[in-house]
Amino acid sequence: MYRWYVVCLLLMIFILSYLDRYIPTLLIEPIKKSMGLSDFQVGLLLGPAFSLFHVLVGIPLGWYADRANRKYLLIAGIVTWCAMTVGSGLVNTFILLLLFRLGLGIGEAVVSPSAVSIISDYFDRKDRARAISLFMAGPYLGAGLAFLGGGMLVRWLETLGPIQFPLLGPMEPWHMAFVLVGLPGFLFAALMLTVREPERQEKLARQQNFGAAFVYIAKRWRAFGGLFIGSSCNFAISTLAFWNIPLFQRIWGWNVAEIGAVTGLFYFTAGPIGTALAVWAQRKFAQNHVDGSMRVLILGLLIGVPASALYPIMPSAEFAVVLMFVAFIGKSVATAGGPSSMALITPGEIRGQSLAIYSTVIALIGPLFGPPLVGWAIDASGDPKSIGIMLFGFVTLIGLPSILLIWLGLKHYRTEVQTLERTLALEPDASRPA
C-alpha cells in the first residue's frame, strides 16, 4: 500500500503544479485591463512565459534526476514554483510578471520526469502503466481545481475589490489570487519528506553520460517519433483551455465564474472518465498487443481532436459545452497514454532524462507556440470575436496530420518494446521491483 501512497502524494503535487500553471487563464481580462496588454502579450504570459525555462532546464534536470535523489529534487522544485506564484501576485508590470512566470517553469520542470521515474521504480512493467495513468490524471484534476475553485475564488475576490495591505500596499483581486494559490505548495514540499527514494530498476549499464538519452532516442527515432508527435499534438490542443475564458466571454457573454464552474466541472468529471477509460483500454489492449499504451494515445487523439476543433465554432454555448466535454475525455485518455508509452521503451538509468526530453519536445509545440500564435492571429484579424475560428484552425492544422503520423509509427514502437523486453530478460543486472 505504501507505493500507492507515494503515487497519490505525487498526484496531489502534480495537481498543485497545474493549479498554479492555469490560474492566469482566469485572470486574463483583469490583468489585460490593469496593464494595458494586447492578446499577443497575454499569449506570451500563458505560453512562453512558463514554457521557455521549462524547456531549457527540463533536460538537464532530467539528467540530474537519473543521478541524484529525486525526492529532494522535487522538494526544491515545489518550493521554487510556489515562491514564483506568490511573487506573481506582488508585481504591477508586464516584464516582472513575465519573469515570475519564467521562474514557475523552472520549478515545475522537475515534476513529471522525477515523479514518473520514481513511480516506475516502485512498480514492475505489468502494473506500471496503471500507476502512471493514475498519476497522469493530475493535469486534468489540477486544471479543474483552477477553473472551478479558482473561478469561485476570483469571483469572491472581485467582490472585495482592491485591499490595502501593510508593507505591500494596495492589491487588486488578481494579485491576491496568485498569492492564495501559491501558498499551499509549501505544505506539500514538507510532505515529500515522507517518501523513500526507491532503488533504480531495469538498468542496462552502471553509468550513462549526459548525452546518453539523446543517443538512445536518436538511434530509435522511428519508435520515439510517433510517440513524440502524438503527445505534442495532444499537449498543443490542450492549450485551448488557456483561451476558454475569453472565448466564452467574447462569443457567448458568460462571466468568469460561469466559465470557471463549467470548465472546472468538466476537468473533474471528464478528466477522471478519460483516465478510467485509458486504464481500461490499456488493460484491454495489453491482452493482445505489446504496444497497448500507444494505442491508448491514438484512441485519445481520435476522440479529442475532432471535438477540440469543433467546440469553439459552435452556434451556441450549449453545443460548445457538449463538445468540450467530449474533447476533455479524449485529451485525458491521450495524456495517460504518452508517459506510459515512454516508460516501456526506456531503460531505468536514463528514464528521467528521457522523460525530460519527451516533456521538452511536447512543450515546444504546445504551450510555447500555441497560445501566442493564437493571440497573434486574433490581433491580426482585428476582431476579438474571431477567437473561435482561430482555435478551430489551430487544432485542425496540427491534429489531422499527427494522427496519421502516429499510426504510421506504431509498428516501430511495437518493435522497440519487444527489443527492450528481450534485452532486459538477458541482462543480469536489470533488477526489478519485488
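Calculation notes
- Residues numbered from 1 in each chain as written.
- Predicted model: local features only at pLDDT ≥ 70, side-chain atom pairs only at ≥ 80, totals over all residues.
- Heavy atoms only, no water.
- Helix = DSSP H or I, 4+ residues; strand = E, 2+ residues; numbered from the N terminus.
- Rg over C-alpha atoms; globule rule 2.2 N^0.38 Å.
- Buried < 20%, exposed > 50% of the residue type's maximum accessible area, 1.4 Å probe, protein only.
- Contact = heavy atoms within 4.5 Å.
- Areas by Shrake-Rupley, 256 points an atom, 1.4 Å probe, with all protein chains shown as cover.
- Salt bridge = Lys/Arg side-chain N within 4 Å of Asp/Glu carboxyl O.
- 1 Å grid on protein atoms, 1.4 Å probe; cavity = no way out; pocket = protein on both sides within 12 Å on 5 of 7 lines; lining within 4 Å.
- Points joined across faces, edges and corners; volume = space filled by probe spheres on them.
- Nonpolar A, V, L, I, M, F, W, Y, C, P; charged D, E, K, R; others polar.
- Axes fitted to C-alpha atoms, helices over the stretch in contact; angles between N-to-C directions.
- Parallel < 35°, antiparallel > 145°, perpendicular 65-115°, else oblique.
- Left-handed = near helix turned anticlockwise from the far one by under 90°.
- Phe/Tyr/Trp six-rings, centres within 6.5 Å; stacked < 30°, edge-to-face > 60°.
- Lys NZ or Arg CZ within 6 Å of the ring centre and 35° of its normal.
- Core = buried A, V, L, I, M, F, W, Y, C linked by side-chain atoms within 4.5 Å.
- Expected span 1.5 Å × (residues − 1).
- Polar contact = N/O pair within 3.5 Å; in protein donor to acceptor, adjacent residues only side chain to side chain.
- Lys, Arg positive; Asp, Glu negative; His and termini not counted.
- Patch = residues over 30% accessible without salt bridge, like charges linked within 9 Å, V, L, I, M, F, W, Y side chains within 5 Å.
- Disulfide = S-S within 2.5 Å.
- Arc of directions from axis to C-beta.
- pLDDT = per-residue confidence, 0-100.

With reference to specific residues and values, describe the overall build of the protein.
Scanning the protein from terminus to terminus reveals 21 helices and two strands. For the protein, whose C-alpha radius of gyration is 21 Å, the value lies close to the compact-globule estimate of 22 Å for 434 residues. Reported as C-alpha extents along the three principal axes, the dimensions of the protein are approximately 65 × 50 × 35 Å. The 434 residues of the protein split such that 59% are buried. Residue pairs at least 24 apart in sequence account for 84% of intrachain contacts in the protein once pairs closer than 6 positions are excluded. About 16500 Å² of surface is accessible on the protein, with carbon and sulfur atoms providing 70% of the total.

Please provide a residue-by-residue account of the pattern of salt bridges, values included.
A full pass over the atoms with the stated rule returns eight salt bridges. Across the salt bridge formed by E29 and R250, the nearest N and O atoms sit 3.7 Å from each other. With E29 in helix α2 (residues 28-35) and R250 in helix α14 (residues 244-252), this residue pair connects regions lying 221 residues apart in the sequence. Residue class for E29 comes out partly exposed when judged on its relative accessible area of 26%.

Kindly report on the layout of surface pockets, identifying the contributing residues and their values.
By volume, the largest pocket amounts to about 420 Å³. For the lining of the largest pocket, the secondary structure elements donating two or more residues are α8 (125-135), α15 (256-286), α16 (292-310) and α21 (410-426). Of the residues contributing to the lining of the largest pocket, the split by class is six nonpolar, four polar and six charged.

Tell me about the packing of helix α5 (residues 70-88) against helix α6 (residues 94-108), and please be specific about residues and values.
For the pair α5 and α6, interaxial distance at closest approach is 7 Å and the crossing angle is 165°. It follows that α5 is roughly antiparallel to α6 by the angle criterion. Regarding α5 and α6, the two cross each other, and that crossing is left-handed. Facing α5, whose interface residues are G77, T80, W81, M84, T85, G87 and S88, α6 presents L97, F100, R101, G103, L104, G107 and E108.

Give a detailed account of the packing of aromatic side chains, specifying residues and quantitative values.
Going through the model one piece at a time under the given rule, you end up with 14 aromatic pairs. A connected cluster of aromatic rings, assembled from ring pairs, spans F14, Y18, Y22 and F135. One Lys or Arg, R21, reaches over the ring of Y18 and ends 4.0 Å from the middle of that ring. We note R220 situated over the ring of Y216; from NZ or CZ to the ring centre the distance is 3.7 Å.

Any chance you could break down the nonpolar core for me, citing the residues and the numbers?
Core analysis: the biggest nonpolar cluster contains 133 residues, and L10, Y22, I31, M192 and F248 have the highest contact counts within it. Per-element tally for this core: the top contributor is helix α17 (residues 317-343), with twelve residues. Not counting chain neighbours up to four residues away, the residues in contact with Y22 comprise A143, A146, F147, S238, A241, F242 and Y267.

Could you give me a rundown of α15, with the residues and numbers involved?
Between its first and last C-alpha, α15 extends 42 Å over 31 residues, near the 45 Å set by a 1.5 Å rise per residue. For α15, the N-terminal capping position is held by N255, with its side-chain oxygen 2.8 Å away from the main-chain nitrogen of E258.

Let's hear about the environment of P339: which residues, and what values?
Here P339 shows up in helix α17. Taking the relative accessible area as the measure of exposure, P339 reaches 3% and is therefore buried. With 124 residues separating them in the primary sequence, P339 and V215 have C-alpha atoms 19 Å apart. The residues touching P339, leaving out its near neighbours within four places in the chain, are I132, M136, L355 and Y358.

Would you mind going over the side chain of D20 in detail, with residue names and values included?
Within the secondary structure, D20 is located in helix α1 (residues 2-22). Nearest to the buried, unbridged D20 among oppositely charged side chains is R101, at 7.3 Å. Excluding residues that lie within four positions of it along the chain, D20 makes contacts with W81, C82, T85, R101, L104, E108, V181 and G182.

I'd love a proper account of a nonpolar patch on the surface, names of residues and values included.
A cluster of nonpolar side chains, namely L90, F165, L167 and L168, defines an oily patch on the protein surface of about 450 Å² accessible area. Tracing the sequence through the fold places L168 in the loop between β1 (163-165) and β2 (169-171).

Summarise the state of the cysteines; cite the residues concerned and give the values.
Scanning the entire structure with this criterion turns up zero disulfides. Cysteine C82 is unpaired, with the sulfur of C8 as its nearest cysteine sulfur at 20 Å. For C82, a relative accessible area of 0% puts it in the buried group.

I'd like to hear about α21, residue by residue, with values.
Between its first and last C-alpha, α21 extends 25 Å over 17 residues, near the 24 Å set by a 1.5 Å rise per residue. Along α21, the positions that sit buried rather than exposed are L410, Y413, E416, V417, L420 and L424. Viewed end-on, α21 has its buried residues packed into an arc of 120°, placing them on one side of the element. When the buried face of α21 is taken as reference, the exposed residues oriented beyond 90 degrees from it are R422, A425 and L426. Of the surrounding elements, those touching the buried residues of α21 are α8, α12 (212-219), α13 (221-238), α16, α17 and α20 (387-408).

Account for the confidence of the model for the protein, with residues named and values stated.
In this model, the protein carries an average pLDDT of 83, and 94% of its residues clear a pLDDT of 70 or more. Per-element confidence in the protein is highest for α16, whose mean pLDDT is 93, and lowest for helix α4 (residues 48-65), whose mean pLDDT is 72.

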